[in-house]
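Below, each chain spelled out in residue letters.
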Amino acid sequence: MAQHVLDTLDKKILRLIANDARIPFLEVARACKVSGAAIHQRIQRLTAMGVLKGSKFIIDPESIGYETCAYIGLYLKNPEKFDAVLAELRKIPEVVECHYTTGGFDMFIKIYAINNHHLLSIIHDKLQPLGLSRSETIISFNAAIDRSLPIIDLPKNKSDLYDSDL
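Residues numbered from 1 in each chain as written. Predicted model: local features only at pLDDT ≥ 70, side-chain atom pairs only at ≥ 80, totals over all residues. Heavy atoms only, no water.

A. Region of interest: the packing of aromatic side chains. Summed over the entire model, instances satisfying the criterion amount to four aromatic pairs. Between Tyr 71 and Phe 108, the ring centres sit 6.1 Å apart and the planes meet at 15 degrees, which makes this aromatic pair stacked. With a gap of 37 residues between them, Tyr 71 in strand S1 (residues 68-76) and Phe 108 in strand S3 (residues 107-113) connect regions that are remote in the sequence. Look at Tyr 71 and you get partly exposed, because its relative accessible area is 26%. Ring pairing ties together the aromatic residues Tyr 71, Tyr 75, Phe 105 and Phe 108, which thus form one cluster. Directly above the ring of Tyr 75 sits Arg 134, whose terminal nitrogen or CZ lies 3.9 Å from the centroid. (Phe/Tyr/Trp six-rings, centres within 6.5 Å; stacked < 30°, edge-to-face > 60°. Helix = DSSP H or I, 4+ residues; strand = E, 2+ residues; numbered from the N terminus. Buried < 20%, exposed > 50% of the residue type's maximum accessible area, 1.4 Å probe, protein only. Lys NZ or Arg CZ within 6 Å of the ring centre and 35° of its normal.)

Spelled out as structure tokens, the structure:
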């Protein structure tokens with residue numbers, strides 16, 4: 001995926017809306033010392049470029065009864081069935097993330113469950129029938145860090161990335 005070049009105004013807008021997605025455009029405009037129309041156009045452009053991927057409310061799983069968060073590495077009996085397994089994982093509402101990864105796992109998923117018993121039933125009744133040879137489950141006690149990436153000035157050359165003090 002191509003890296004987009006963002007100017008100073010783009011970065012300031014992104015910092016403001018990343019901090020509060022509900023901030024009114026006029027408030028962003030005042031902070032940036034430009035018109036509301038300019039902010040609206042920039043937001044549309046950043047969305048069209050794929051820099052912004054929408055906005056959403058984030059529901060705290062624990063507050064609605066999902067007390068167990070688990071990460072599960074999946075080993076498929078037949079790795080050529082990635083697409084079919086992915087389609088089935090999309091049908092399991094407790095699966096909130098799925099990643100193709102390097103290393104031993106074929107896929108790595110994040111699940112929320114009501115409790116450990118519910119987690120076990122998801123693994124046994126919903127995941128195992130997908131054609132797993134095995135799985136490895138890690139239960140998260142708490143997210144110690146949960147944040148968006150900061151908007152920083154990246155080096156012009158990728159080789160400079162390793163020499164800087166980001």
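After that view, the rundown keeps rolling.
B. Quick peek at the side chain of His 118. With respect to the element layout, His 118 can be found in helix H5 (residues 116-127). Non-local contacts of His 118, meaning those with residues more than four positions away in its chain, are made with Tyr 66, Glu 94 and Ala 113. (Contact = heavy atoms within 4.5 Å.)

C. Looking closely at the sheet that holds S3. Reading across the sheet, the four strands line up as S2-S3-S1-S4 and stay open at both edges, with antiparallel pairing between neighbours. Pairing within the sheet leaves two strands with one partner each, and these edge strands are strand S2 (95-99) and strand S4 (132-140). Recorded for the sheet is a direction-independent mean angle of 20 degrees between the axes of neighbouring strands. Judged from the eight bridges that link them, S1 and S4 form a sheet pairing that is antiparallel. (Pairing = 2+ DSSP bridges. Axes fitted to C-alpha atoms, helices over the stretch in contact; angles between N-to-C directions.)

D. Layout of the environment of Tyr 71. As a C-alpha pair, Tyr 71 and Val 96 span 25 residues in sequence and 10 Å in three-dimensional space. Ignoring sequence-local partners within four residues, the contact set of Tyr 71 consists of Phe 108, Ile 109, Lys 110, Glu 136, Thr 137, Ile 138 and Ser 140.

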